[in-house]
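Residue-level structural notes
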Amino acid sequence: MITGTSRRDYLKLLAASAGYAATATLAVAQEDKDGKPATDPAPPPEHERRIRWWHEAKFGMFIHWGLYSLIGRHEWAMEVEGIPIPQYELLAKHFNPKPNAARDWARLAKQAGQKYMVMTTKHHEGFCNFDTKLTDYCAPKQAAGRDLVREFVEAARAEGLRVGFYYSLMDWHHPDGARCATDEAARQRFVAYTHGLIRELMTNYGKIDVLWYDVDWPLTPEQWESQKMNDMVFQLQPEIIVNNRNGLPGDFSTPEQEIRAADKGRAWETCMTLNDSWGYHKADDNWKTPKTIVNNLITCARGGGNYLLNIGPKPDGSIPQESVEILQAVGKWTSQNGAAIYGTERNNFDWHVYANFTQRGNTAYVHVTYWPGDTPAEQWLTFYQPPSVISFGGWKTNVKSVRFLVGDKALAFTQDDLSLRITGLPVTAPDQPATVIAVECDGEPEMSHEYVRRTRPRFKVGVS
């Protein structure tokens, strides 16, 4: 992974300019090999059945962990700093994390309200965290002396969480990893190696729920033999879901470091870091707040997508304390407000200045992230009386009831052609980082700013 831009954009920038700034941030649509916006055709067979659990889950944990954690300067250190391979290989002789570190990851994921976990089995550095017959550059045959992926699988299952494997197609270590683009014999060797590693992952660990490909540089889907790759995966794991990063549509799209919903009907998942790095970076202190994380989760659910939030464990496998504290705070909120997240549907609500929205059937969940409290205007405007009013202009569906989600307390409300007003609320927010209000309607909830703009009666110019 790389911060702030997609892999394709990063690699294009590297090719186009030697002056690439690592701090550049781009929020652009994924592109195909011709530089045109990519379109996702139909997903693989039986997609709806296989992905149903994932749509319910909404929230997952990503884990980036490998040799790069020993350097502690971001997971792209090998390339960005230009470390020679013989030197980088020495890290494998020192990567010996504490046994079963993944148990703490899984317990934290469950506590945070995450329903599935995706771990890097092999990142771009080429080191395999799993037992393989195809290379000695793997954890069981180096200092660790054991299968770190197996420990992860067992830990996730012990907490009742679904299991996902990340696999980077790009490989900076394999001798054919770059020359495969121009040497057909090298391509055949490297593709056989790649398919072989994926076959082992799909064979040796029981039922796997997600395969998360990454970075298809430097080959096309045809050169990767991606359809053959997916056919093998589905043959070995009939219930699995796969993403779109081996050049095929897969079951879901993967915007990175931004929340960008796919077209309606297309499954999508935003993956995002807790700070600015995927792998452990000891100097990266740009941590997202629990409030930001919760609002991101709400926004993903609002668009019908999932939120895959990353941790970067230290070399010994321990989780940075900042990550622990943030996820524990998020978990305190999800434990009480999960009904407004898990299993919710995509909605078409307009934006609001202090609230966000999720929906299930005829119930809208209003997530008030910036509690308005009272206002001086209540002295002069009956609109804000009784005090502490929350209002939604253009709420077009008839409302049957309004209540706090936590505590199930009924709330007073009035509704007219212009707005839904919830009145008599406390001055301070009952819950942090977002207070959830359930609004039950007699049909699918709908709210439109434009309706207010167009239909609100207009009077004379000046003070009425």
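In case you missed it, the structure is sitting above this.
Attention in this report is confined to the structure presented alongside it. Small disclaimer: the values here were computed from a predicted structure and weren't measured.

1. Notes on helix H8 (residues 184–203)
What sets the pattern is the α-helix's 3.6 residues per turn: residues three or four places apart point alike. Taking 1.5 Å per residue, 20 residues should reach 28 Å; H8 reaches 28 Å between its end C-alpha atoms and fits that length. Here H8 starts with a cap whose side-chain oxygen sits 3.0 Å from the backbone nitrogen of Ala185, and that cap is Asp183.

2. Some words on the sheet that holds strand E8 (residues 355–360)
As summarised here, the arrangement of the four strands in space is E8-E9-E14-E11, forming an open sheet in which the pairing is antiparallel. The two strands at the open ends of the sheet, each matched to only one other strand, are E8 and strand E11 (399–404). Taking each pair of neighbouring strands and ignoring which way they run, the sheet shows an average axis angle of 20 degrees. Looking at chain direction, E8 and strand E9 (residues 363–368) are connected through six bridges and run antiparallel. Considered in E9, the bridge of Thr358 is made with Tyr365. Running over the sheet, helix H11 (residues 290–302) touches E8 and E9 and is turned about 45 degrees from E8.

3. Considering the state of the cysteines
Summed over all chains, the structure comprises zero disulfides. Cysteine Cys128 is unpaired, with the sulfur of Cys138 as its nearest cysteine sulfur at 6.3 Å. We classify Cys128 as buried; its relative accessible area is 0%. In this structure Cys180 is not part of a disulfide, and its nearest cysteine sulfur, from Cys128, lies 16 Å away.

4. Side note on the sheet that holds strand E12 (residues 412–415)
Strand order across the open sheet formed by three strands is E10-E13-E12, with antiparallel pairing between neighbours. The sheet is open, and its two edges are formed by strand E10 (390–393) and E12, each paired on a single side. With strand direction ignored, the average angle separating the axes of adjacent strands in the sheet is 15 degrees. Of the pairings in the sheet, the one linking E10 to strand E13 (residues 419–423) comprises four bridges and is antiparallel in character. Looking at E13, one finds that Ser391 is bridged to Arg421.

5. Describing the pattern of salt bridges
Counted according to the given criterion, the structure contains 24 salt bridges. Two residues, Arg189 and Asp176, come together in a salt bridge whose shortest N-O distance is 2.9 Å. With Arg189 in helix H8 and Asp176 in the loop between strand E3 (162–168) and H8, this residue pair connects regions lying 13 residues apart in the sequence. Judged by its relative accessible area of 2%, Asp176 is buried.

6. Structural notes on the layout of surface pockets
Of the pockets and cavities examined, the second largest pocket occupies roughly 450 Å³. Phe383, Ser391, Gly393, Ser419 and Arg456 are the residues nearest the centre of the second largest pocket, which is lined by 20 residues in total. Only E10 and helix H13 (449–455) provide two or more residues apiece to the lining of the second largest pocket. Looking at the lining of the second largest pocket, the element that brings in the most residues is E10, giving four residues. The class makeup of the residues in the lining of the second largest pocket is ten nonpolar, seven polar and three charged.

7. Here we look at empty space enclosed by the protein
Taken as a whole, this structure holds two cavities of 30 Å³ or more when the rule is applied. Here the second largest cavity is characterised by a volume of approximately 30 Å³. Considering the residues around the second largest cavity, the lining is formed by Trp65, Ala101, Ala102, Trp105, Met119, Leu148, Glu151 and Phe152. No other element matches the three residues that helix H7 (residues 148–158) contributes to the lining of the second largest cavity.

Rules used throughout
Residues numbered from 1 in each chain as written. Predicted model: local features only at pLDDT ≥ 70, side-chain atom pairs only at ≥ 80, totals over all residues. Heavy atoms only, no water. Helix = DSSP H or I, 4+ residues; strand = E, 2+ residues; numbered from the N terminus. Expected span 1.5 Å × (residues − 1). Polar contact = N/O pair within 3.5 Å; in protein donor to acceptor, adjacent residues only side chain to side chain. Pairing = 2+ DSSP bridges. Axes fitted to C-alpha atoms, helices over the stretch in contact; angles between N-to-C directions. Contact = heavy atoms within 4.5 Å. Disulfide = S-S within 2.5 Å. Buried < 20%, exposed > 50% of the residue type's maximum accessible area, 1.4 Å probe, protein only. Salt bridge = Lys/Arg side-chain N within 4 Å of Asp/Glu carboxyl O. 1 Å grid on protein atoms, 1.4 Å probe; cavity = no way out; pocket = protein on both sides within 12 Å on 5 of 7 lines; lining within 4 Å. Points joined across faces, edges and corners; volume = space filled by probe spheres on them. Nonpolar A, V, L, I, M, F, W, Y, C, P; charged D, E, K, R; others polar.

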